[in-house]
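# Coordinate analysis (summary)
Each chain is listed here by its residues.
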Amino acid sequence: MHITAIDYAILAAYFVVVLGIGFYLKSRMRKSSDFLLAGRNIPAWAAGLAFIAANLGAQEVIGMAASGAKYGLLTNHFYWVGAIPAMAFVGVFMMPFYYGSKARSVPEYLRLRFDEKTRSLNAVTFAVMTVLSSGISLFAMGKLFNALLGWDMNVSFAVSAVVVLGYIVLGGLTSAIYNEVLQFGLIVVGFAPLTYLGLRDVGGWSGMAAKLPPTFTHVWANLGRADANPLGVEWFGMVMGLGFVLSFGYWCTDFLVVQRAMSAESQNAARCTPLIGAIPKMFFPFIVILPGLIALALTNHPHEGAAPLLPQLADGTLDYNMAIPSMLARYYPPGMLGLGLTALMASFMSGMAGNVTAFNTVWTYDIYQGHINRHASDHHYLQVARYTTVVGIALSVATAYIAMRFNNIMDMLQLVFSFVNAPLLATFLLGMFWRRTTGHGAFWGLLTGTTAAGLHYEVTDVARSASLLPKLAAWHTYPSDMAQNLWGAVWAWTACFVLTIAISLVTRPRKREDLVGLVRGLTPMTSDRARAWYARPAVLAVIVVSMTAALNLLFW
């Protein structure tokens, strides 16, 4: 690949703009709430785009293309089953409790609803998860720079981390959100032409389908049996594991995305935030998954005289993570290549910045203020938040090296979610919709669910050789890493759900008056009838769910 001066100029201009946004907002960061909560003054449209852009990190762009090459159109389920329904649910049903409780974070809501120990457990596991997820983003970008620009991986990690550190330290969450809006636009503009050029080269949809296994071009038709599709999961595992546990666990409880909605300017804006984001979200498979299928088609059946598009790893397997970089190298000329690289940089920054800002808030409010220094000044907490940004970036660099073990970074990401978000979903559903749930039940259920996910990973096998429990590792063999992750999430959710109910039934619940604003049925709900249809969450939810159902039928 030949990188020209114009490509570097486009990339440099992007760096100047994102850092400029940080410098512009620096003077507004007067309080810790300005830095960590964006002053709760973000309009719904910006919060909605940031809601999905924070999730649209490098692991999303590169990882979803890799999963498209590895699993085919079944990867679309991560959007049409594994995102949109949950985004509608959190907007309509759960956001009133998050926003109305005035909690500054998801773990703080758990303290208000349950107790301190439940908050602390979630804060610690979430902090670990955000650092791991941020490290995955950093690894993805380092791998990209190494492949496309020839940069050493260590240099790539350092350069990327410094840029993200700069604009977050300057402008906090507000800077992150408005940069995410910019990054969202760059991702669309940078990758939409890639899909068009790839499809044209491969002979259109029919030409691509002819070069792929039949199971790669449908989303539901081959889910009757686990061995009938490359994902290795049947419809129940897909619906329960991804569509319910992992999806609702992520979009409804993960502070990384919930934080964007909680920063909105009003409760109605907060409820509309995930629904606004759901509209572009449902079309993202066409610019992040479809290139993976095209890359596989041109690897299985390369053009005459051309090399296979995807390279091989040392063990002979395809390096799926190189789907997007290989497509960029083949199809983008100078100038366009710079735009594509900038779009990838934007995806990296949105994902990493989202994780770091969430980590900042949880560490500062839930861990530092909650357990280390309860009575310091607000200025002190603002300084702690800035220093925490530096620590979070440094930890992300360290965890980037862990991600090197996986040939598909989406597999690693879903594994992390099965440990943290899957059991947390059971805790939130019971806590928000069942007044009888107690703090003891929530804590021990959450701890048991996380432990169950770890045990499931160790006593099941996907041809791994590094199991800590080798004698039990053949208890059940999954045909793919993703199938193992989906079923691990089901086990984690079920363990947490059952034990939380059992312990809650034998422990004392909190008084009804203590739960007003925290539990459905005890919280006054405002009416939306006087609002225009496009500002009513229930109407928007029906629209986005109906459109998603139509896409599922179209690609059945």
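Everything numeric here is computed off the predicted structure, so don't read it as measured data. (Residues numbered from 1 in each chain as written. Predicted model: local features only at pLDDT ≥ 70, side-chain atom pairs only at ≥ 80, totals over all residues. Heavy atoms only, no water.)

### Quick notes on the overall build of the protein
- Helices and strands together make up the secondary structure of the protein, namely 22 helices and zero strands.
- Its C-alpha atoms give the protein principal-axis dimensions of roughly 75 × 55 × 50 Å.
- Of all 556 residues assigned to the protein, the portion counted as buried reaches 62%.
- Pairs at least 24 residues apart make up 81% of the contacts formed inside the protein by residues separated by at least 6 positions.
- With 35 positive and 25 negative side-chain charges, the protein shows a separation of 11 Å between the mean positions of the two kinds. (Helix = DSSP H or I, 4+ residues; strand = E, 2+ residues; numbered from the N terminus. Buried < 20%, exposed > 50% of the residue type's maximum accessible area, 1.4 Å probe, protein only. Contact = heavy atoms within 4.5 Å. Lys, Arg positive; Asp, Glu negative; His and termini not counted. Charge placed at Lys NZ, Arg CZ, Asp CG, Glu CD.)

### Section: the nonpolar core
- Within the largest apolar cluster, 174 residues are counted, with the highest numbers of intra-cluster contacts made by Tyr98, Phe191, Met208, Phe284, Leu344, Met349 and Phe428.
- Here this core gets 18 residues from one element, more than from any other, and that element is helix H9 (residues 153-202).
- Ignoring anything within four residues of it in the chain, the contact list for Leu344 reads Val61, Ile62, Met141, Leu144, Phe191, Ile324 and Leu328.
- The next biggest cluster of nonpolar side chains, apart from the first, holds seven residues, and it includes Leu36, Leu37, Leu382 and Ala385. (Core = buried A, V, L, I, M, F, W, Y, C linked by side-chain atoms within 4.5 Å.)

### Notes on a nonpolar patch on the surface
- Taken together, the side chains of Ile279, Phe283, Trp533, Tyr534, Ile543 and Met547 make up a nonpolar region of the molecular surface, amounting to roughly 580 Å² of accessible area.
- Along the chain, the position of Trp533 falls in the loop between helix H21 (481-505) and helix H22 (537-554). (Patch = residues over 30% accessible without salt bridge, like charges linked within 9 Å, V, L, I, M, F, W, Y side chains within 5 Å. Areas by Shrake-Rupley, 256 points an atom, 1.4 Å probe, with all protein chains shown as cover. Salt bridge = Lys/Arg side-chain N within 4 Å of Asp/Glu carboxyl O.)

### Re the side chain of Asn360
- Within the secondary structure layout, Asn360 lies in helix H17 (residues 336-372).
- Every residue in contact with Asn360, bar those within four places of it in the chain, is listed here: Phe35, Leu36, Ile168, Ala385, Thr388 and Thr389.

### Focus on the environment of Arg30
- Position of Arg30 relative to the elements: it lies in the loop between helix H1 (5-26) and helix H2 (32-37).
- Sequence separation of Arg30 and Leu382 is 352 residues, and the distance between their C-alpha atoms is 8.1 Å.

### Comments concerning helix H6 (residues 84-100)
- Given a rise of 1.5 Å per residue, 17 residues ought to cover 24 Å, and the 23 Å separating the end C-alpha atoms of H6 matches this to within 8%.
- Most of H6 sits inside the fold, with 13 of its 17 residues counted as buried.
- Trailing H6 by a residue or two, Lys102 shows a phi angle of about 65 degrees, which is positive. (Expected span 1.5 Å × (residues − 1).)

### Quick word on the pattern of salt bridges
- Counted under the stated rule, the structure contains five salt bridges.
- One salt bridge connects Glu108 with Arg104, and the closest N-O pair in it is separated by 2.8 Å.
- Residue classification places Arg104 among the partly exposed residues on the basis of a relative accessible area of 24%.
- We note a salt bridge from Asp115 to Lys117, for which the minimum N-O separation is 2.6 Å.

### Considering the packing of aromatic side chains
- In this structure the tally under the stated criterion is 24 aromatic pairs.
- Aromatic side chains Phe89 and Phe248 sit 5.4 Å apart centroid to centroid with 55 degrees between the ring planes, which places their arrangement in the tilted category. In this pair, Phe89 is assigned in helix H6 and Phe248 in helix H11 (residues 235-253), connecting sequence segments 159 residues apart.
- Seen from their ring centres, Trp235 and Phe236 are 6.0 Å apart, and the 85 degrees between their planes marks the pair as edge-to-face.
- For Trp235, a relative accessible area of 49% corresponds to the partly exposed category.
- What links up through ring pairs into an aromatic cluster is the set Phe89, Phe93, Phe97, Phe244, Phe248, Phe433, Trp493 and Phe497.
- A cation sits over an aromatic face here: Arg40 above Tyr99, 4.8 Å from the ring centre.
- A cation sits over an aromatic face here: Arg104 above Tyr365, 3.8 Å from the ring centre. (Phe/Tyr/Trp six-rings, centres within 6.5 Å; stacked < 30°, edge-to-face > 60°. Lys NZ or Arg CZ within 6 Å of the ring centre and 35° of its normal.)

### Some points on the packing of helix H15 (residues 290-300) against helix H16 (residues 323-331)
- Two elements in contact, H15 and H16, have axes whose closest approach is 9 Å; the angle formed by their N-to-C orientations is 75 degrees. Viewed along their axes, H15 and H16 adopt a mutual orientation that is roughly perpendicular. Judged by residue contacts, Pro291, Gly292, Ile294, Ala295 and Leu298 of H15 engage Ala323, Ile324, Met327, Arg330 and Tyr331 from H16.
- In terms of residue class, the contact of H15 with H16 is built from eight nonpolar, one polar and one charged. (Axes fitted to C-alpha atoms, helices over the stretch in contact; angles between N-to-C directions. Parallel < 35°, antiparallel > 145°, perpendicular 65-115°, else oblique. Nonpolar A, V, L, I, M, F, W, Y, C, P; charged D, E, K, R; others polar.)

### Some words on the confidence of the model for the protein
- Mean pLDDT over the protein: 82, with 92% of residues reaching 70 or higher.
- Model confidence for the protein, summarised as mean pLDDT per element, is weakest for helix H19 (residues 409-433) at 78 and strongest for H22 at 91.
- Long-range and interchain partners of residues 463-467, a stretch whose pLDDT sits below 50, account for five contacts in this model, where long-range means more than four residues apart. (pLDDT = per-residue confidence, 0-100.)

### Quick notes on the side chain of Asp34
- By secondary structure assignment, the location of Asp34 is in helix H2.
- Buried Asp34, no salt bridge; nearest opposite-charge side chain is Lys31, N-O distance 4.9 Å.
- Setting aside its immediate chain neighbours within four residues, Asp34 contacts Arg28, Met29, Gly39 and Thr174.

### Describing the environment of Val128
- On the secondary structure map, Val128 appears in helix H8 (residues 116-149).
- Placed 292 residues apart in sequence, Val128 and Val420 show a C-alpha to C-alpha distance of 9.4 Å.

### Considering the state of the cysteines
- Tallied over the entire structure, the rule returns zero disulfides.
- Of all cysteine sulfurs, the one in Cys496 lies closest to Cys252, which takes part in no disulfide; the gap is 15 Å.
- Classification of Cys252 as buried rests on a relative accessible area of 0%. (Disulfide = S-S within 2.5 Å.)

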